[in-house]
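For reference, the chains in residue letters:
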Amino acid sequence: MPTSLAHTWYMTVRHLRNLMRQPWYIAFTLFQPIIYLLLFGALFARVVEIPGFGSASYISFLAPGVVVMTALFSAGWTGMGMVNDLDRGVMDRFLVTPVRRGALMMGTLVQLAVVIVIQSAIILGLALLRGASFPGGITGVGLVVLSAILLAVPFGALSNGMALLVRKEETVIAAVNFVLLPLVFLSGIFMAQNLMPHWMQSVAHVNPVNWAVTAGRAAVGREVDWSVVWSRLGWLAGFALVSAFLATQAFRAYQRSI
Amino acid sequence: MGEAIGVEGLVKKYPKGVTALDGVSFEVPEGTIFGLLGPNGAGKSTTVKILTTLSRPDSGVARVAGADVVRHPHRVRLAIGSVAQKSGVDRDATGRENLVLQGRLYGMDGGSLGARVDELLNRFGLADAADRVARTYSGGMQRRLDIAMGLVHRPSVLFLDEPTTGLDPAVRADMWQMIAGLAADEGLAILLTTHYLEEADRLAARLAILERGRVAAAGAPEELKAELRGDAVHVELAEAPPDGGVQAALGRLNGVREVVVEGRALRARADDGARAVPAVLQSLEAGGLIVDSVTVARPSLDDVYLRYTGRRFGDAEEELPTPNGKDPALAAAG
């Protein structure tokens with residue numbers, strides 16, 4: 001196995017293993033999504049009656065959105081682990097070894113993807129229990145999870161990048177709270193896009209969070225619009241490349257500052 | 001003997017006009033312990049960061065284990081182990097897991113990695129705690145785990161940055177013994193940075209005193225102290241001598257100088273204190289002065305420091321700013 005892959009694997013295992021020692025963490029990160037799915041979903045169930053909504057079941061409409069939202073927040077918190085490693089001297093210790101530098105970041109992102117798969121399974125499972133239906137089948141559900149991962153990886157990279165630049169827990173927390181929540185509302189997670197105010201529709205059009213929701217929803221619908229799915233996934237891939245570049249620059253800046 | 005570390009003219013400046021290293025040069029032969037001694041802010045950690053490839057110098061050359069740190073950092077990394085002042089242990093993983101991951105990053109694998117990890121766990125007294133999460137380890141245990149992690153891949157050069165700072169005196173003594181043993185057993189060259197004079201004196205075969213980014217003095221501890229040629233001789237007389245009585249008695253002695261009398265106490269510097277004592281005692285007796293007690297103090301590294309930098313080590317600790325501009329007292333406490 002090429003060394004970069006091997007090192008990424010070792011780092012991923014390290015992160016996953018440490019996470020498994022705190023299983024309550026996953027439960028903790030699922031708390032809010034479950035509230036949104038079950039309570040918010042029940043509260044606003046009748047919003048589907050608005051003409052033009054385009055969906056008969058709010059919970060079926062909402063579930064992919066909650067999957068994306070959960071993935072987004074999990075990604076936002078990734079930077080905390082990086083701050084910890086930087087503070088504790090773990091990062092510097094790794095940098096003295098021949099470890100492939102890319103593996104240090106990729107390990108956190110692969111771990112993030114694994115966590116998202118688990119979280120998504122739980123959310124979608126709960127939605128099914130509450131009566132949601134996903135005509136798109138397994139493929140559709142798989143694409144929902146893929147969209148969520150394609151959104152989370154760039155945001156995770158950006159979160160790591162920020163951690164490398166500012167090295168403060170408070171900044172990561174502020175960014176998660178003040179940046180991600182507006183992004184959630186400026187997307188089609190809770191409301192059909194065509195029913196959003198025009199200015200919000202315009203913002204949603206350039207919001208990667210919305211690309212992920214749109215792709216996911218399109219994939220689980222009765223009639224899959226593949227052009228929508230592939231275009232959004234493509235834009236997300238582009239966003240991922242830009243984020244990877246920015247995160248790499250942040251890493252280099254950290255290395256120069258040592 | 002080959003060269004484990006060779007440093008020539010290292011210069012490193014940080015933003016805001018802080019010059020951390022201003023032309024540092026020294027050499028560490030293979031298989032020896034080399035001490036880099038200096039107050040906080042002298043440039044010790046900066047030097048180690050450059051030698052361990054964490055940081056790049058602005059100019060100058062540094063070779064570690066035969067490889068240039070700037071041009072072939074990968075080769076350097078394969079050959080070195082580093083124990084930073086801040087622990088690099090992953091506290092959410094067990095001791096064994098930490099060691100195994102570390103070994104894997106060097107390409108070690110399978111049975112041989114497992115055997116090496118067991119060997120290190122036993123050698124550092126961590127076998128019982130091996131499968132407990134490192135967060136539960138005491139400070140001394142974490143430090144030992146850090147050192148074990150630095151040795152997994154059998155490096156030829158080990159860097160220890162302030163290895164006993166923050167440890168209890170008893171633990172510190174154990175650590176000294178272990179460090180001395182490491183060089184002997186593993187054939188390692190060890191570069192040890194410290195701001196404890198006694199530690200450098202005790203462990204290092206050779207040392208360099210860093211001060212404000214420059215090497216103020218270098219050599220073996222005993223050589224440096226011998227160069228001072230000034231043992232302190234301290235005599236307590238039975239009663240205060242008459243004015244000029246002591247000078248009259250000792251004036252003709254070679255090698256005894258700077259005679260100072262205070263009440264019944266007499267202080268002088270002698271080239272070789274042990275040899276001077278009988279002559280001093282005889283001269284004083286011949287002059288009718290009765291001696292109660294005599295003490296000879298060999299020069300300390302503090303005296304060496306004073307000679308080369310014009311200041312006492314303790315004073316220097318308080319004065320120097322650290323590279324990132326922090327108050328040294330706070331930096332030392334933190």
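Every chain's residues receive numbers from 1 upward, in the order its sequence appears when written. Labels follow written order: the first chain is A, the first ligand is 1, and so on. Restriction of local features to residues with pLDDT of at least 70 applies here, the model being predicted, together with a cutoff of 80 or more for giving and counting side-chain atom pairs; totals for whole chains, interfaces and linings are based on all residues.

### Observations concerning the environment of G251(B)
How we decide: Strands here mean DSSP runs of E at least two residues long; helices mean DSSP runs of H or I at least four residues long; both are numbered from the N terminus.
Structurally, G251(B) can be placed in the loop between α9 (245–250) and β12 (256–262). Counting along the chain gives 185 residues from G251(B) to G66(B), while the straight-line C-alpha distance between them is 56 Å.

### Remarks on helix α5 (residues 101–129) of chain A
Here is the rule: Under the convention used throughout, the expected extent of a helix is 1.5 Å for every residue step, that is, one less than its residue count.
Helix length check: α5(A) (29 residues) gives 44 Å between terminal C-alpha atoms against 42 Å at 1.5 Å per residue, within 8%. Immediately beyond the C-terminal end of α5(A), within one or two residues, lies G131(A), with a positive phi of roughly 100 degrees.

### Digging into the packing of helix α3 (residues 58–88) of chain A against α5(A)
Residue and element names in this part refer to chain A. Definition in use: All axes here are fitted lines through C-alpha atoms, helices being fitted over the stretch that makes contact, and every angle between N-to-C directions spans 0 to 180 degrees. Any angle that falls under 35 degrees is termed roughly parallel, while one over 145 is termed roughly antiparallel, one within 65 to 115 roughly perpendicular, and all others oblique. With the far helix as reference, a near helix turned anticlockwise by less than a right angle produces a left-handed crossing, and one turned clockwise produces a right-handed crossing. A pair of residues counts as a contact when their C-beta atoms, built from backbone coordinates, are separated by no more than 7 Å. Under this grouping Gly is polar, as are all residues other than the nonpolar Ala, Val, Leu, Ile, Met, Phe, Trp, Tyr, Cys and Pro and the charged Asp, Glu, Lys and Arg.
As a packed pair, α3 and α5 sit with axes 9 Å apart at the nearest point and diverge in direction by 150 degrees. Put simply, α3 runs roughly antiparallel to α5. Note that α3 runs across α5; the crossing there is right-handed. Of the residues in α5, those in contact with I59, A63, V66, V67, T70, A71, S74, A75, T78, G81 and M82 of α3 are T108, L112, V115, I116, Q119, S120, I123, L124 and A127. Considering only residue class, the contact of α3 with α5 consists of 13 nonpolar, seven polar and no charged.

### Points about the domain arrangement of chain B
We apply this condition: Marked domain ranges trace back to an automatic or database domain assignment.
Along its sequence, chain B is organised into domain 1 (3–89 + 137–225) and domain 2 (231–297). Each of domain 1 of chain B and domain 2 of chain B has a C-alpha centre, and the two are 43 Å apart.

### Examining the nonpolar core
As a reminder of what qualifies: By convention in this section, buried Ala, Val, Leu, Ile, Met, Phe, Trp, Tyr and Cys residues joined through C-beta atoms within 7 Å make up a nonpolar core. The burial label depends on the number of other C-beta atoms within 10 Å of a residue's C-beta. Counts of 20 or more mean buried, 12 or fewer mean exposed, and intermediate counts mean partly exposed, with C-beta atoms placed from the backbone.
One finds V68(A), L72(A), A148(A), L151(A) and A152(A) to be the most contacted residues of the largest nonpolar core, which totals 79 residues. Examining the composition of this core, we find that 17 residues originate from one element, helix α6 (residues 137–166) of chain A, more than from any other. For A152(A), the residues in contact, after removing those within four places along its chain, are A71(A), L72(A), S74(A), A75(A), L112(A) and I116(A). Counting 65 residues, the second-largest nonpolar core is a separate cluster that includes I33(B), A42(B), F159(B) and Y305(B).

### Things to note about the confidence of the model for chain B
Residues and elements named next belong to chain B. What counts, and what does not: Each residue gets a pLDDT score, which is the predictor's confidence in that residue and runs from 0 to 100.
A residue-level look at chain B finds 92% of positions with pLDDT of 70 or above and a mean pLDDT of 87. Looking across chain B, the model is least confident in helix α13 (residues 328–333), with a mean pLDDT of 42, and most confident in helix α3 (residues 95–105), with 98. Every residue in residues 321–334 scores below 50 in pLDDT, and together they form 22 contacts with partners more than four places removed in sequence or on other chains. Across the whole predicted complex the pTM is 0.86, and at the interface the ipTM reaches 0.92.

### Concerning the sheet that holds strand β11 (residues 231–237) of chain B
Residue and element names in this part refer to chain B. What counts, and what does not: A pair of strands is treated as paired once DSSP finds two or more bridges between them.
Strands sit in the order β12-β13-β11-β14 across an open sheet of four strands; the sheet is antiparallel. Two strands bound the open sheet, and with one partner strand each, they are β12 and β14 (291–297). Adjacent strand axes in the sheet meet at a mean angle of 15 degrees when their direction is disregarded. Of the pairings in the sheet, the one linking β11 to strand β13 (residues 265–270) comprises six bridges and is antiparallel in character. Note that in β13 the partner of V233 across the bridge is A268. The sheet strands contacting helix α10 (residues 273–286) are β11, β12, β13 and β14, and the helix crosses β14 at an angle near 160 degrees.

### Here we look at the interface of chain B and chain A
Listed per partner, the contact involves 21 residues of chain B and 17 residues of chain A. Elements with a minimum of two residues in the side of chain B that touches chain A: α2 (73–79) and α3 of chain B. Classifying every residue of the side of chain B that touches chain A gives seven nonpolar, seven polar and seven charged.

### Regarding unusual backbone geometry
Not every positive phi belongs to a glycine, and R167(A) is a case in point at roughly 55 degrees. Tracing the chain through its elements places R167(A) in the loop between α6 and α7 (169–185). Since 17 C-beta atoms lie within 10 Å of it, R167(A) is described here as partly exposed. Backbone geometry at T53(B) places phi at a positive 65 degrees, although glycine is not the residue there. Note on placement: T53(B) falls in the loop between α1 (44–51) and β4 (59–64). When the 25 C-beta atoms within 10 Å are taken as the criterion, T53(B) is described as buried.

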